[in-house]
Amino acid sequence: MGFLWTIVTLVVALGLTWRYLGSYMAAVFDGRVHFLGAVERPLYRALGTSPDREQTWRRYATSVVVFSGVSFALTYLLLRIQGSLPLDPQHLGAVGPALSFNTAASFLTNTNWQNYGGETTMSYFSQIGALMVQQFVSPAVGIVAAIALVRGFARKESTTIGNFWVDLVRCLFYVLLPIAFLAGLVFVGQGAVQTLAGTVSIHDAMNGVTQTIARGPIGFMEAIKQLGTNGGGFLNANSATPFENPTALTNWLSIYLMLAIPFSLTYTFGKLVGSVRQGRALLAAMVLVFGVWVGFTSYSEHQGNPAVAAAGIVHQSTGNMVGKEVRFGDTSSALFAVASTQTSTGSADASYDSFTPMGGFGLLTGMMLGEVTPGGSGTGLYTMLIYAIVAVFIGGLMIGRTPEYLGKKIQAKEVKLAGLGSLVMPLLVLVLTAVAVSVHAGRIGPLNSGPHGFTEILYALTSQGNNNGSAFGGLSGNTPFYNVVGAIDMLIGRFGIMIPALALGGSLAAKNVVPESLGTFRTDNTMFVGLVIGVIVIIGGLTFFPAISLGPIVEQLSHGKFF
Amino acid sequence: MLTNLRRSVVMAAISLVVFGFLYALAGTGVAQLLFPHQANGSITAYGSTLIGQNWSSPRWFHGRPDDTGPYASNPKKGIAGGDNPLFANGVAGESGATNLGPRSKVLLADTKALVSYWHRHGVDPTEDLVTTSGSGYDPDITPLDAVVQIPMVAKATGISPSALRHLVAAETHGAELGFLGSSYVDVLQLNEALAHLERAGR
């Protein structure tokens, strides 16, 4: 019953957020929000730009790439010289080169894959100055790229799609900063830690236990970690630790924050192209897929753990509790996990490695759908629009007309770009998984044996290729092989889709609008929603089916066998 | 290209200052002002109510077995054990789960060992008492997890089972706002109440 209310309250809260945050973001990127004008204007002067200096898609994309390159270099540098920087009460010393490389790529691409344990590797300086900064900046880059693509649909015969620097500043100051700060207060109020005072040692006179407890500026990082669909926690066990996620209320808030921006951007999209119905159609496709995945993943986790059953506890009324926290329970952990994997967040309030075979299947396939239901901050919307273009193209083939989407003719160039954008990820993930299982350095990674070991490898490369960052944590990822392969996976997974999306924006902006006629293929009705879901499921499902069947499906079918 | 580079450096510097340090410092300041107890780790006289401890003696209620039986810290074998937020009783660790898969032979053997551990203590365990948590130091158990341990605690302390049942009921926190998560018992608070009851009884 409690779970039902959790869902109901989330639906109501997210519905209101979709409507109001969605239109607020449309106003922000239209330049109609000015309450921080006094901060905004000096920033534009420092950057040597202004809102009326627009960029072509090429310049926009170049700005994205150069800025990302500088962010990468700075993050790498800060981690390498950590030992010489202040705010290091535990004297943790420099981070190694391969790990720094992987971590810099990870936070820059909004992945937040973590091959390290936060409390034993990163100083407060690195957590704040290197990692948390990227947790603000990388989702903002994703969001503005999506807005640039949307402008391609909204504009007529335009050579430009906006100004990257202006969009970035607006997104950071008007959207991410205020929401994160408010949410941070709730996290701390509930019990998340926020201090720079270092560890605390306790001695319990009752049982003789002594503990040294890791602390840090955790609560406010937690807020932007979830809001920006980042997922990289301060502590190794992420949102499962009470210092990051102290109560069932913060767990609810985490789920809400992860979903807020990705869902709301469909409203922003509708608003900017002049038809909220168009945004609602994309939202419907996202919600339907997301809902089905929540349903069967929660159901699977409520079924109990096969190993625990075989050890004599057959009736598990609280479900599969291996790797789960009592204050969340089985179904809420599953809901958190689905939200985290389908928004490209990748935070974890439980051990995903210990989910039941079908529960793990839900998480893995949720990412394989391409992070579009609703996907990451911005990345979800632009990837969804790429899938929508593919759907329009297929629909056009079926009725034998030149496909149009929002009045823009979808021609060979757009179809090629959309094809590229939708195939990069599956190709990348499958090739790198094949490499990892073929070489010794890849095969020694998994903790578990049998099909589950294969799933650990497949999950790691799927997660990084989709810029998700969640993990089947048993895999030993901090090796030169996984650090380098993972970094390549994350970088191609990010820019291999973002750049075609920006190119699409440029190409669409240049086109005129074809007036709607009786024969126009409608993209705001149930039929189109079904077509989009079909495209998502076929691209994700069919491409990955052979790989999936070697992992979780075999594991599920091997009744009574242990590996 | 050069313009982009210059703008990137400026933007990176602004981000470092505003979204790194100003955000974190302002957050820390407000948090320390409004919620000092929470912001510093919910520390009480016996430890943090948010960090599980190892209660190995039968005279205490046990938490999740993050540091019990097969999961007990063993530096020789390289097992950090749970309940180690950084160090516990001199053994280094960090937060984390066992990450054992649902069809793992190791998980099966470990769970069997825990079931017999509880049976030796006269307890018929629930699933939470034979499975480890996500953080490695889950501070809570469900009310049922506490109730099934009553025979063990009653025998070791001499307190009547009915008094212990009242104790568990009094220490049970309901689901938040009535529907979020499940009702739970904080093991540290429960054992503090138990110690209080023992002192009062003498």
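Worth saying up front: this structure is predicted, and the values here are computed from it rather than measured. (Residues numbered from 1 in each chain as written. Chains lettered and ligands numbered in written order. Predicted model: local features only at pLDDT ≥ 70, side-chain atom pairs only at ≥ 80, totals over all residues. Heavy atoms only, no water.)

Colleague: How do you make sense of the overall build of chain B when you look at a structure like this?
Modeller: In terms of helices and strands, chain B carries seven helices and seven strands. Moving toward the C terminus, one meets the helices and strands of chain B in the order α-α-β-β-β-β-α-β-α-α-α-β-β-α. Its C-alpha radius of gyration of 22 Å places chain B more than 25% over the 17 Å reference for a compact globule of 202 residues. Over its C-alpha atoms, taken along the principal directions, chain B stretches across nearly 75 × 45 × 35 Å. Considering chain B as a whole, with its 202 residues, one finds that 53% of them fall into the buried category. Sequence-distant contacts in chain B: of pairs separated by 6 or more residues, those separated by 24 or more amount to 58%. Approximately 8200 Å² of chain B is accessible, and the part contributed by carbon and sulfur atoms is 63%. Within chain B, one finds 14 positive and 16 negative side-chain charges whose respective centroids are separated by 7 Å. (Helix = DSSP H or I, 4+ residues; strand = E, 2+ residues; numbered from the N terminus. Rg over C-alpha atoms; globule rule 2.2 N^0.38 Å. Buried < 20%, exposed > 50% of the residue type's maximum accessible area, 1.4 Å probe, protein only. Contact = heavy atoms within 4.5 Å. Areas by Shrake-Rupley, 256 points an atom, 1.4 Å probe, with all protein chains shown as cover. Lys, Arg positive; Asp, Glu negative; His and termini not counted. Charge placed at Lys NZ, Arg CZ, Asp CG, Glu CD.)

Colleague: Would you mind going over the packing of helix α14 (residues 379-399) of chain A against helix α15 (residues 412-438) of chain A with me for this structure?
Modeller: The axes of two packed helices give the description: the angle between them and the distance between them. All names here are of chain A. Orientation of α14 relative to α15, taken along the N-to-C sense of each, is 125°, at an axis distance of 9 Å. With respect to their mutual orientation, α14 and α15 come out oblique. Two packed elements cross with a definite hand, and for α14 against α15 that hand is left-handed. Residues Ile386, Tyr387, Ile389, Val390 and Phe393 of α14 form the contact with α15, whose participating residues are Glu414, Val415, Ala418, Gly421 and Ser422. Tallied by class, residues from the contact of α14 with α15 come to seven nonpolar, two polar and one charged. (Axes fitted to C-alpha atoms, helices over the stretch in contact; angles between N-to-C directions. Parallel < 35°, antiparallel > 145°, perpendicular 65-115°, else oblique. Left-handed = near helix turned anticlockwise from the far one by under 90°. Nonpolar A, V, L, I, M, F, W, Y, C, P; charged D, E, K, R; others polar.)

Colleague: Explanation requested: the sheet that holds strand β5 (residues 140-141) of chain B in the structure shown.
Modeller: Pairing between the strands of a sheet is mediated by backbone hydrogen bonds and can be parallel or antiparallel. Residues and elements named next belong to chain B. An order of β5-β7-β6 is seen for the three strands of this open sheet, with the pairing classed as antiparallel. The sheet terminates laterally at β5 and β6 (172-173), the two strands that pair on one side only. Inspection of the sheet shows β5 paired to strand β7 (residues 184-186) by two bridges, in the antiparallel sense. Of the residues in β7, the one forming a bridge with Ile141 is Val185. On top of the sheet, helix α7 (residues 187-201) reaches β5, β6 and β7; it is set at about 65° to β7, its chief contact. (Pairing = 2+ DSSP bridges.)

Colleague: Whenever I open this one, empty space enclosed by the protein confuses me. Can you help?
Modeller: Empty space among the atoms can be located by rolling a probe the size of a water molecule over them. All names here are of chain A. In the structure shown here, the tally under the stated rule is nine cavities of 30 Å³ or more. As for the largest cavity, its lining consists of 19 residues, of which Thr379, Thr383, Asn466, Gly493 and Ile497 are closest to the centre. Contributions of two or more residues to the lining of the largest cavity are made by α14, α15 and α18 (480-509). Per element, the largest residue contribution to the lining of the largest cavity is five residues, and it comes from α14. Within the lining of the largest cavity, the residues separate by chemical class into four nonpolar, 13 polar and two charged. Of the voids in this model, the second largest cavity is the one considered here, and its volume is about 90 Å³. Around the second largest cavity sit 13 residues that line it, and Gln90, Glu119, Met122, Tyr124 and Arg215 are the ones nearest its centre. Residue classes in the lining of the second largest cavity are distributed as seven nonpolar, three polar and three charged. (1 Å grid on protein atoms, 1.4 Å probe; cavity = no way out; pocket = protein on both sides within 12 Å on 5 of 7 lines; lining within 4 Å. Points joined across faces, edges and corners; volume = space filled by probe spheres on them.)

Colleague: Please explain the pairing of strand β1 (residues 200-203) of chain A as it appears in this structure.
Modeller: On a regular strand, each side chain points to the face opposite its neighbour's, so the side chains alternate between the two faces of the sheet. All names here are of chain A. Burial of the side chains of β1 is restricted to one face: Val200 and Ile202 are buried, whereas none of Ser201 and His203 on the reverse face is. As judged from the four bridges shared by β1 and strand β2 (residues 210-213), these two strands associate in the antiparallel manner. Counterpart to Ile202 in the pairing with β2 is Gln211. Counting the residues in the hairpin turn of β1 and β2 gives six residues, including Gly208, whose phi is positive at 75°.

Colleague: Looking at this model, I keep getting lost on the nonpolar core. Mind explaining?
Modeller: As a rule of thumb, nonpolar side chains are buried together in soluble globular proteins. Core analysis: the biggest nonpolar cluster contains 178 residues, and Phe153, Phe269 and Tyr405 of chain A have the highest contact counts within it. If you tally residues by element for this core, the top one is helix α6 (residues 124-154) of chain A, at 20 residues. Three or more residues apiece are contributed to this core by two domains, here domain 1 (1-40) and domain 2 (41-72 + 103-130 + 138-201) of chain B. Beyond its immediate chain neighbours, meaning those up to four positions away, Phe269 of chain A contacts Val150, Phe153, Gln278, Gly279, Leu282, Leu381, Leu385, Tyr405 and Leu406 of chain A. Counting residues in hydrophobic clusters, the runner-up holds 39 residues, among them Ala307 of chain A together with Trp60, Phe61 and Leu164 of chain B. (Core = buried A, V, L, I, M, F, W, Y, C linked by side-chain atoms within 4.5 Å. Domains from an automatic or database assignment.)

Colleague: Teacher, can you tell me more about the pattern of salt bridges here?
Modeller: All names here are of chain A. Using the criterion set out here, one finds 14 salt bridges over all chains in the structure. One salt bridge connects Arg155 with Glu54, and the closest N-O pair in it is separated by 2.6 Å. Placement of Arg155 in the loop between α6 and α7 (164-190) and of Glu54 in the loop between α2 (37-47) and α3 (57-80) is noted, with a sequence separation of 101 residues between them. In this structure, Glu516 engages Arg522 in a salt bridge whose closest nitrogen and oxygen atoms are separated by 3.8 Å. Each of the salt bridges in this network shares a partner with another, and the network as a whole consists of Arg277, Glu516, Arg522 and Asp524. (Salt bridge = Lys/Arg side-chain N within 4 Å of Asp/Glu carboxyl O.)

Colleague: What exactly am I supposed to notice about the sheet that holds β2 of chain A here?
Modeller: Taken together, four strands build an open sheet; the order of strands is β1(A)-β2(A)-β3(B)-β4(B) and the sheet is antiparallel. Every other strand in the sheet has two partners, leaving β1 of chain A together with β4 (91-92) of chain B as the edge strands with one partner each. Where β2 of chain A meets strand β3 (residues 87-88) of chain B, two bridges bridge the pair, whose relative direction is antiparallel. Bridged to Gln211 of chain A within β3 of chain B is Ala88 of chain B.

Colleague: Help me understand the packing of aromatic side chains, please; the structure alone is not making it clear to me.
Modeller: Any two aromatic rings considered together are summarised by their centre-to-centre distance and by the angle between their planes. All chains considered together, the criterion is met by 28 aromatic pairs over all chains. With a centroid separation of 5.1 Å and 70° between ring planes, the pair formed by Phe35 of chain A and Tyr174 of chain A is classed as edge-to-face. A residue pair is termed long-range when its members are at least 10 positions apart, and Phe35 of chain A in the loop between α1 (2-29) and α2 and Tyr174 of chain A in helix α7 qualify at 139 residues. With a relative accessible area of 57%, Phe35 of chain A lands in the exposed category. Consider the rings of Tyr124 of chain A and Phe234 of chain A, whose centres lie 6.0 Å apart with planes at 55°: the pair is tilted. Linking Tyr124 of chain A in helix α6 with Phe234 of chain A in the loop between α8 (219-227) and α9 (248-273), this pair joins segments that are 110 residues apart in sequence. Members of the aromatic cluster, each reached through a chain of ring pairs, are Phe136, Phe173, Phe181 and Phe220 of chain A together with Phe19 and Tyr23 of chain B. Here the guanidinium or amino end of Arg59 of chain B rests over the ring plane of Trp60 of chain B, the centre of that ring lying 4.4 Å away. The aromatic ring of Phe562 of chain A is capped on one face by Arg103 of chain B, whose charged end is 6.0 Å from the ring centroid. (Phe/Tyr/Trp six-rings, centres within 6.5 Å; stacked < 30°, edge-to-face > 60°. Lys NZ or Arg CZ within 6 Å of the ring centre and 35° of its normal.)

Colleague: Help me understand the domain arrangement of chain B, please; the structure alone is not making it clear to me.
Modeller: One frequent convention defines the size of an interface as the accessible area lost when the parts assemble. When the domains of chain B are assigned, the result is domain 1 (1-40) and domain 2 (41-72 + 103-130 + 138-201). Computed from C-alpha atoms alone, the centre-to-centre distance between domain 1 of chain B and domain 2 of chain B is 41 Å.

Colleague: I'm lost on a nonpolar patch on the surface in this one. Help?
Modeller: Residue and element names in this part refer to chain A. Together, Leu4, Trp5, Val8, Val12, Leu16 and Tyr20 give the surface a local cluster of nonpolar side chains, amounting to about 610 Å² of exposed area. Note that Val8 resides in helix α1. Judged by relative accessible area, Val8 falls into the partly exposed class, the value being 36%. (Patch = residues over 30% accessible without salt bridge, like charges linked within 9 Å, V, L, I, M, F, W, Y side chains within 5 Å.)

Colleague: Sorry if this is basic, but what is going on with unusual backbone geometry here?
Modeller: The phi torsion of most residues other than glycine is negative, and most of the peptide bonds are trans. Residues and elements named next belong to chain A. Going from Thr373 to Pro374, the amide bond is cis rather than trans, its omega being 0°. Considering the arrangement of structural elements, one finds Pro374 in the loop between α13 (357-368) and α14. Positive phi values are uncommon outside glycine, yet Ser344 reaches one of about 60°. Position of Ser344 among the secondary structure elements: in the loop between α12 (329-342) and α13. Its relative accessible area of 2% is what places Ser344 among the buried residues.

Colleague: Honestly, the interface of chain B and chain A in this entry has me stumped. Any pointers?
Modeller: Each partner contributes to the interface: chain B provides 98 residues, whereas chain A provides 118 residues. If you sort the residues of chain B by the area they bury against chain A, Phe19, Tyr23 and Arg103 of chain B come out on top, with a joint share of 12%. Run the count over chain B and chain A and you get zero salt bridges. When contributions to the side of chain B that touches chain A are tallied by element, the ones reaching two or more residues are α1 (2-34), α2 (36-39), β2 (47-48), β3, α3 (105-120), β5 and α7 of chain B. Broken down by element, the side of chain B that touches chain A gets its largest block of residues, 26 residues, from α1 of chain B. Within the side of chain B that touches chain A, the residues separate by chemical class into 48 nonpolar, 36 polar and 14 charged. (Buried area = accessible area lost by both parts, 1.4 Å probe.)

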